[in-house]
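Next come the chains, spelled out residue by residue.
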Amino acid sequence: MIVRISGEDQYRLADEQRAGLNELDNAVVAACEGGDEAAFAQAFAALLDYVRSNGERVADDELAGSDLILPPPDLSLAEAGSEFTGEGLIPD
Amino acid sequence: MAGLTGRMSTVVKAKVSKLLDRAEDPAETLDYSYQKQVEQLQNVKKGIADVVTAKKRLQMQEKTLQQSVVKLDTQARQALSSGNEELARTALERKNVAQTELQGLDTQVTELQDQQQKLTDSEQKLRAKIEAFRTKKEVIKAQYSAAEAQVRISEAATGVGEQMADVGLAMQRAVDKTENMKARASAVSELEEAGTFDDITQLGSGEDDIDRQLKQLSSQPAVDDELAKMKSELGQGESGETPQIASGGAGGQSAQPGESGQA
């Protein structure tokens, strides 16, 4: 499974790690809904760290699509909120 | 996967597939994709140049403000030694505003530097992917039948397409930040144009509009403290009753609280 952290790199993770990712992702969503900036930042950082520490970086010249894409590390709570509701972060 | 990750993935995939759906002929898809990629790379370069320009503008303003701070400080001292406390206060108020603006600029220059670095990294990654794609597209054209090629193309194009979407996002964020900086730079320019940081010896007698605005902008306690400090440095003790400038007459001074000099 390939996971991309936007603005950073792609990482190759074992399929078994999906459950761990899912759990951390749910924590981010919960923190986002709670509207707590600090809790959100912490949960989101934990999700990114999980990918970085468990994954193997994909080479820059390797052409592979990602199975999952994570927003950029400096995502704010407000941006995360609009990611769920609006157009999302990616421009056309 | 729902959640933030899933949402982001869905959005990116939709954009990438929109990018791929444009041509039916594999060879055409390849060339079209490649052309788009090169265009995007040009956009990134332009984006970096914009950030650099914005940064340079802020750095120039920083320099001007630093000079103003030094100049106003000197003038405040001169005014105070010649017993003109009112003028010294005006100079310090202006210095205070200039210093506050300087701090703001400093933060923003750092922020822009950060954006520039991110974009440069993105550009390098995209360049590497595009180069890989260019090689691969020739191999695909030469070696595979149309049906087989479709699968390979889709893989390769998705890889680059995603990187392009990613760079697009980095650019978008850089542009947003740069716009904010531009607003800040304009605000400082307006203060400059209004003569906020001008040589105070050029001031006419009495208080003008700028001074009234400055009193609101600058933090009075900070100015008071600095004035007191400057006085003691110049050997004019706190209780030293510095001679008040006879401000009666010329252009109505607004009375400071606790000041009873005005008739």
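If you're wondering where the values come from, they're calculated on a predicted model, not measured in any experiment.

Chemist: Sorry, what's going on with the overall build of chain B here?
Modeler: Helices and strands together make up the secondary structure of chain B, namely 6 helices and 0 strands. The order of helices and strands in chain B, counted from the N terminus, is α-α-α-α-α-α. Taken across its 263 residues, chain B has 43% of its residues classed as buried. The contacts in chain B between residues at least 6 apart in sequence include a share of 85% that link residues at least 24 apart. When the accessible surface of chain B is totalled, it reaches about 13,700 Å², and 50% of it is carbon and sulfur.

Chemist: Would you mind going over the overall build of chain A with me for this structure?
Modeler: The number of helices and strands found in chain A is 3 helices and 4 strands. Along its sequence from the N terminus, chain A presents helices and strands in the succession β-β-α-α-β-β-α. Taken over 92 residues, chain A has a buried fraction of 45%. Taking the contacts inside chain A whose residues are at least 6 apart along the sequence as the reference set, 66% of them involve residues at least 24 apart. Accessible area of chain A: about 4,200 Å², with a carbon and sulfur share of 49%.

Chemist: Just to check I follow, could you spell out helix H2 (residues 37–54) of chain A for this structure?
Modeler: Given 3.6 residues per helical turn, the α-helix brings residues three or four places apart onto the same face. All names here are of chain A. With 18 residues, H2 should reach 26 Å at 1.5 Å per residue; the first-to-last C-alpha distance of 26 Å fits that figure. Within the span of H2, buried status applies to Phe40, Ala43, Phe44, Leu47, Leu48, Tyr50 and Val51. Taken around the axis of H2, the buried residues stretch over an arc of 150°, which confines them to a single face. The exposed set on the far side of H2, more than 90 degrees from its buried face, consists of Ala38, Gln42 and Ser53. Where H2 begins, the capping side chain belongs to Asp36, and its oxygen is found 3.1 Å from the backbone nitrogen of Ala38.

Chemist: It is not clear to me how the pairing of strand E1 (residues 2–5) of chain A should be interpreted in this structure. Could you clarify?
Modeler: The side chains of a regular strand alternate, residue by residue, between the two faces of the sheet. All names here are of chain A. A two-sided burial pattern is seen for E1, the buried positions comprising Ile2 and Arg4 on one face and Val3 and Ile5 on the other. Direction of pairing for E1 relative to strand E2 (residues 10–12): antiparallel, over a ladder of 3 bridges. The partner of Val3 across the bridge, within E2, is Tyr11. Two strands pair when backbone bridges link them, and E1 and strand E4 (residues 68–70) are joined in this way by 3 bridges, in the parallel orientation. Paired with Val3 across the bridge in E4 is Leu68.

Chemist: It is not clear to me how the interface of chain A and chain B should be interpreted in this structure. Could you clarify?
Modeler: Residue-level contacts link 42 residues of chain A with 35 residues of chain B. At the boundary of chain A with chain B, total buried surface from both sides reaches about 3,200 Å², with 56% on carbon and sulfur atoms. On inspection of chain A and its partner chain B, the count reaches 6 salt bridges. Of the charged contacts in the structure, one is a salt bridge between Lys125 of chain B and Asp9 of chain A, with a shortest N-O distance of 3.5 Å. Applying the counting criterion to the chain A and chain B interface returns 13 residue pairs in polar contact (both at pLDDT 80 or more). If you list the elements that add at least two residues to the side of chain A that touches chain B, you get helix H1 (18–34), H2, E4 and helix H3 (77–85) of chain A. No other element matches the 6 residues that H1 of chain A contributes to the side of chain A that touches chain B. Residues of the side of chain A that touches chain B, tallied by class, amount to 19 nonpolar, 8 polar and 15 charged.

Chemist: What am I meant to see in the sheet that holds E1 of chain A here?
Modeler: Across a sheet, paired strands are connected by hydrogen bonds in the backbone, their directions being either parallel or antiparallel. Here 4 strands make up an open sheet; going across it, the order is E3-E2-E1-E4 (chain A) and the pairing mixed. At either end of the open sheet lies a strand with only one pairing partner, and these are strand E3 (56–57) and E4 of chain A.

Chemist: What is the right way to read the nonpolar core from this model?
Modeler: Within soluble globular proteins, side chains that are nonpolar tend to cluster in buried spots. Formed by 37 residues in total, the largest nonpolar core has its most connected members in Leu58, Leu65, Leu119, Leu126 and Phe133 of chain B. Those elements giving two or more residues to this core turn out to be helix H2 (26–81), helix H3 (85–143) and helix H4 (146–193) of chain B. Setting aside its immediate chain neighbours within four residues, Leu58 of chain B contacts Leu105, Gln108, Val109, Leu112, Met181 and Ala185 of chain B. The next biggest cluster of nonpolar side chains, apart from the first, holds 22 residues, and it includes Leu13, Leu21, Phe40 and Leu68 of chain A.

Chemist: Which parts of the structure should I look at to understand the packing of aromatic side chains?
Modeler: Here a ring pair, both rings aromatic, is described through the centre-centre distance and the interplanar angle of the planes. All names here are of chain A. In the structure shown here, the tally under the stated rule is 1 aromatic pair over all chains. Aromatic pair Phe40 and Phe44: ring centres 5.8 Å apart, planes at 10°, arrangement stacked. Of this pair, Phe40 and Phe44 both sit in helix H2, separated by 4 residues, roughly a single helical turn. The two residues Phe40 and Phe44 agree in class, both being buried.

Reading the values: rules and limits
- Residues numbered from 1 in each chain as written.
- Chains lettered and ligands numbered in written order.
- Predicted model: local features only at pLDDT ≥ 70, side-chain atom pairs only at ≥ 80, totals over all residues.
- Heavy atoms only, no water.
- Helix = DSSP H or I, 4+ residues; strand = E, 2+ residues; numbered from the N terminus.
- Buried < 20%, exposed > 50% of the residue type's maximum accessible area, 1.4 Å probe, protein only.
- Contact = heavy atoms within 4.5 Å.
- Areas by Shrake-Rupley, 256 points an atom, 1.4 Å probe, with all protein chains shown as cover.
- Expected span 1.5 Å × (residues − 1).
- Arc of directions from axis to C-beta.
- Polar contact = N/O pair within 3.5 Å; in protein donor to acceptor, adjacent residues only side chain to side chain.
- Pairing = 2+ DSSP bridges.
- Buried area = accessible area lost by both parts, 1.4 Å probe.
- Salt bridge = Lys/Arg side-chain N within 4 Å of Asp/Glu carboxyl O.
- Nonpolar A, V, L, I, M, F, W, Y, C, P; charged D, E, K, R; others polar.
- Core = buried A, V, L, I, M, F, W, Y, C linked by side-chain atoms within 4.5 Å.
- Phe/Tyr/Trp six-rings, centres within 6.5 Å; stacked < 30°, edge-to-face > 60°.

Just geometry here; none of it tells us what the structure is for.
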